[in-house]
Amino acid sequence: MPRRDFPHSIPEINYLDESWVAQATIAEQSLFFLLDTGSSDTWVNGPDCESPDGSCGVESVDPIFDPAANAVNYTGLQFTTFYSGGSNVSGLLYSGNLNLAGISAKTTFGVAKHSYGNNMPASGIFGLNFKSLNSFSNGNFMDISSIKSLSFYFSNWINNDLGLLTINGVDETKFIGPIKYVPSSDKDYTLDPSGGEFIVGGCAIPMKFKPGDLSYVDTGTTLLLVPNTVAAQLNSAIGADPVTMAINCSSAGTSPSITMNFQNISLVLGPEHYIMRPRSGGCFSGIGGMGESGYAWGDTFLRAVYTVFDREHTRIGFAQAVHPRLNSASA
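To keep things clear, this report deals only with the structure shown in the data block. Nothing here was measured: the structure is a model prediction, and the numbers come from that model.

The rules we used
- Residues numbered from 1 in each chain as written.
- Predicted model: local features only at pLDDT ≥ 70, side-chain atom pairs only at ≥ 80, totals over all residues.
- Heavy atoms only, no water.
- Helix = DSSP H or I, 4+ residues; strand = E, 2+ residues; numbered from the N terminus.
- Rg over C-alpha atoms; globule rule 2.2 N^0.38 Å.
- Buried < 20%, exposed > 50% of the residue type's maximum accessible area, 1.4 Å probe, protein only.
- Contact = heavy atoms within 4.5 Å.
- Areas by Shrake-Rupley, 256 points an atom, 1.4 Å probe, with all protein chains shown as cover.
- Lys, Arg positive; Asp, Glu negative; His and termini not counted.
- Charge placed at Lys NZ, Arg CZ, Asp CG, Glu CD.
- Pairing = 2+ DSSP bridges.
- Axes fitted to C-alpha atoms, helices over the stretch in contact; angles between N-to-C directions.
- 1 Å grid on protein atoms, 1.4 Å probe; cavity = no way out; pocket = protein on both sides within 12 Å on 5 of 7 lines; lining within 4 Å.
- Points joined across faces, edges and corners; volume = space filled by probe spheres on them.
- Nonpolar A, V, L, I, M, F, W, Y, C, P; charged D, E, K, R; others polar.
- Arc of directions from axis to C-beta.
- Disulfide = S-S within 2.5 Å.

Side note on the overall build of the protein
Scanning the protein for helices and strands turns up four helices and 23 strands. Its C-alpha radius of gyration of 19 Å places the protein within 12% of the 20 Å reference for a compact globule of 331 residues. The principal-axis extents of the C-alpha atoms in the protein amount to approximately 60 × 40 × 40 Å. Expressed as a percentage of the 331 residues in the protein, the buried residues total 53%. A sequence separation of at least 24 residues applies to 69% of the contacts in the protein between residues at least 6 apart. For the protein, the accessible area works out to roughly 13,800 Å², and carbon and sulfur atoms hold 52% of it. Of note, the protein has its 17 positive side-chain charges centred 6 Å away from the centre of its 29 negative side-chain charges.

Okay, here's the thing in structure tokens:
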């Protein structure tokens, strides 16, 4: 059995810079999951899953988990998990071995009977946050498996590159410069941007933040979400429509970079990170409004940086990510 304190890595598949999924195993069945630092529950679509919006997936693409065909135990309990934005999932709770990147632990997990707002190229969500966010007991894989840290490299879809999760270590080929850390929490992966600023074209846009506002680093959120007024300023500065977020697809080579300064850290978010190219056509900015206040440092931000969630020392580290050279013809 591999030692848990040694580094373990697993690739993540990038779907249009909107979702990254990785393979994990429940009992004998391997499935693809969205790895989510914004939540703690782990669940998978089950054979009786129903949804009004297709969130239970398509069996040929997103296989379901059948408890009857695997060595798992029904706990006799039910669960309901709610996510920001109104998405939710509910079903039955089972206990069995979960395996992520070679690390295995007996954990309680959900098998979905109802799902809404969870359309994604995966069979479920693998929660990676602290137990304070769990909806049910004995469901925190991170604590049960004694994982000390998670390090994420998020790829750019335009490069046809894979992302990478490294557990209990870092991959030094994926970033440049030292990893600088900021204090976080043992209840959530929070980040305090007080006194920080975004700089675009020499103009500073303050990171509007006050005590009590939400600010968390979330691999399960696609966009970089900031207060509405800050989002409008940033989108105007990069040439995107401040209301619709639409931006010219050919702007990757001409739009300005955004320098993000907070605490002791300075990071750069380039147009190759913040210009989204959906399959439906057109392009839009990956910077959205979260409301009157609050930040969700989602995948648009995370693609620009290498991120270390250091649970052992309750801190989060950042360094500038190193990506393959952009395909100039596609940019």
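A look at the sheet that holds strand S16 (residues 258–262)
Spatially, S13-S12-S16-S17 is the arrangement adopted by the four strands of the open sheet, whose pairing is antiparallel. For this open sheet the edge positions go to strand S13 (203–206) and strand S17 (265–269), each flanked by a neighbour on one side alone. With direction set aside, neighbouring strand axes in the sheet form an average angle of 25 degrees. Sheet topology places strand S12 (residues 197–200) next to S13; four bridges connect them, and they run antiparallel. Bridge pairing in S13 places Ile-199 opposite Ala-204.

Let's talk about the layout of surface pockets
Counted as a void, the largest pocket has a volume near 980 Å³. In this structure, the largest pocket is lined by 41 residues; those nearest its centre are Tyr-83, Ser-84, Ser-87, Gly-220 and Thr-221. Secondary structure elements with two or more residues in the lining of the largest pocket: strand S2 (19–26), strand S3 (29–36), strand S5 (73–82) and strand S14 (215–217). Considered class by class, the residues forming the lining of the largest pocket number 15 nonpolar, 19 polar and seven charged.

What to know about helix H2 (residues 228–238)
All buried positions along H2 are accounted for by Val-230, Ala-231, Leu-234, Asn-235 and Ile-238. The arc enclosing the buried residues of H2, seen along the axis, measures out at 125 degrees, which places them on a common side. Once H2 ends, the next one or two residues include Gly-239, with phi positive near 95 degrees.

Some points on the state of the cysteines
Under the defined criterion, the tally for this structure stands at two disulfides. Two residues share a disulfide in this structure: Cys-49 and Cys-56, whose sulfurs sit 2.0 Å from each other. The S-S bond linking Cys-49 to Cys-56 shows a torsion near -65 degrees; that makes this disulfide left-handed. With respect to class, Cys-49 is no different from Cys-56; both count as buried.

Focus on unusual backbone geometry
With a phi close to 55 degrees, Leu-16 is a non-glycine residue in the positive phi region. Structurally, Leu-16 can be placed in the loop between strand S1 (8–15) and S2. By relative accessible area, which is 10% here, Leu-16 ends up buried. Phi at Ser-146 is positive, roughly 60 degrees, even though this residue is not glycine. Take Ser-146: it is sitting in the loop between helix H1 (141–144) and strand S9 (149–153).

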